[in-house]
Amino acid sequence: MTATTAISGASGHIGGQVARLLSDAGVPTRLLGRRPDRIPLLEGGVPIKADFADPASVHAALAGVQTFFFVSATESPDRAAQQIAVVEAARQAGVRRIVYVSFVGAAPDCTFTFGRDHWHTEQAIRASGMDFTFLRDNQYQDLIPSLADQDGVIRGPAGDRAVAAVTRTDVAATAAAVLTGQGHTAMTYDLTGPRAFTMTEAAAMMTAARGRQYTYLPESIPEAYASRSKYAAPQWELDGWVSSYAAIAAGELETVTDSVEQLTGHPATDFRDFLTTSSN
């Protein structure tokens with residue numbers, strides 16, 4: 001009998017795609033989410049309520065599960081503490097292995113402030129005694145078009161450095177390969193696209209694919225905070241937005257790996273191809 005795999009964020013982009021891939025592979029799954037009614041019904045999948053803000057609900061949802069595919073929570077000021085509590089709930093529930101969706105360069109002092117939460121979560125997983133695999137994703141290609149404002153301008157302090165962005169579909173395919181494969185214990189995989197590109201190059205590719213003009217306007221760090229002040233967002237959120245560009249400028253997101261191809265058997269999606277497919 002195939003062991004059950006739990007998937008958090010099962011109604012989301014990555015968790016949902018992984019759930020479908022495992023269903024197609026005949027793997028029984030427990031599909032976790034705050035709103036089980038929003039989780040698609042899949043062959044072999046059991047929707048169940050699990051709220052990361054309520055560790056008891058996570059513990060109950062993971063009881064009897066061998067492997068937990070842990071999609072990180074939505075950014076919040078207490079995300080690291082919340083996710084550490086999730087790790088402890090998984091350990092107490094008897095989970096044997098966690099496959100965690102992290103971020104490239106995760107460190108206590110990495111430039112991208114949201115990436116620091118991932119480091120603290122990774123440390124908790126390492127200390128738990130459970131087997132683990134870390135999938136450290138680069139920025140998502142899927143989100144880059146949304147960086148442009150209504151006039152097609154991408155504003156940010158990325159300088160002229162490049163980002164090796166990856167698609168969420170490639171991340172999901174890689175996760176499914178790791179979850180159903182062997183030999184990934186204690187491994188960390190950086191997941192990137194097949195090449196790195198600058199924001200200027202991203203704007204040019206978006207212009208060619210979408211038939212309207214896009215441009216990149218470099219900002220200084222103070223200018224970036226000033227241009228985003230109109231959103232009246234809390235400081236932690238502003239820091240995350242601005243530092244996502246600053247991490248590019250620092251060269252922390254430009255390294256390209258072949259992990260997607262090595263683990264899935266197909267090349268990682270190029271941003272130009274992603275745009276062509278998503279624009280159709």
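Shown above is the structure to which this text applies.
This text gives an overview of the structure that appears in the document. (Residues numbered from 1 in each chain as written. Predicted model: local features only at pLDDT ≥ 70, side-chain atom pairs only at ≥ 80, totals over all residues. Heavy atoms only, no water.)

Right, let's talk about the layout of surface pockets for a bit. Here the second largest pocket defines a volume of roughly 190 Å³. In this structure, the second largest pocket is lined by 10 residues; those nearest its centre are Ala3, Gln66, Thr67, Arg97 and Leu179. Taken together, the residues that form the lining of the second largest pocket break down as 3 nonpolar, 5 polar and 2 charged. (1 Å grid on protein atoms, 1.4 Å probe; cavity = no way out; pocket = protein on both sides within 12 Å on 5 of 7 lines; lining within 4 Å. Points joined across faces, edges and corners; volume = space filled by probe spheres on them. Nonpolar A, V, L, I, M, F, W, Y, C, P; charged D, E, K, R; others polar.)

Next up on the list: the nonpolar core. Ile7, Val18, Leu22, Phe69 and Leu135 are the most contacted members of the largest nonpolar core, which totals 27 residues. At the level of elements, helix H1 (13-24), strand S5 (97-103), helix H5 (168-180), strand S9 (187-191) and helix H9 (259-264) are the ones that each hand at least two residues to this core. Of all the elements, H5 adds the most residues to this core, at 6 residues. Aside from chain neighbours lying at most four places away, what touches Leu135 is Phe69, Val99, Tyr100, Val101, Ser102, Thr174, Ala175, Val178, Tyr189 and Leu191. (Core = buried A, V, L, I, M, F, W, Y, C linked by side-chain atoms within 4.5 Å. Buried < 20%, exposed > 50% of the residue type's maximum accessible area, 1.4 Å probe, protein only. Helix = DSSP H or I, 4+ residues; strand = E, 2+ residues; numbered from the N terminus. Contact = heavy atoms within 4.5 Å.)

Attention shifts here to the packing of helix H3 (residues 79-93) against helix H4 (residues 113-128). Running from N to C, H3 and H4 cross one another at 20°; their axes reach a closest spacing of 9 Å. In this view, H3 runs roughly parallel relative to H4, as classed from their interaxial angle. By crossing handedness, the relation of H3 to H4 is classed as right-handed. Residues Arg79, Ala80, Gln83, Ile84, Val87 and Arg91 of H3 lie in contact with H4, whose contacting residues are Phe114, Asp117, His118, His120, Thr121, Ala124, Ile125 and Ser128. Residues belonging to the contact of H3 with H4 are distributed by class as follows: 6 nonpolar, 5 polar and 3 charged. (Axes fitted to C-alpha atoms, helices over the stretch in contact; angles between N-to-C directions. Parallel < 35°, antiparallel > 145°, perpendicular 65-115°, else oblique. Left-handed = near helix turned anticlockwise from the far one by under 90°.)

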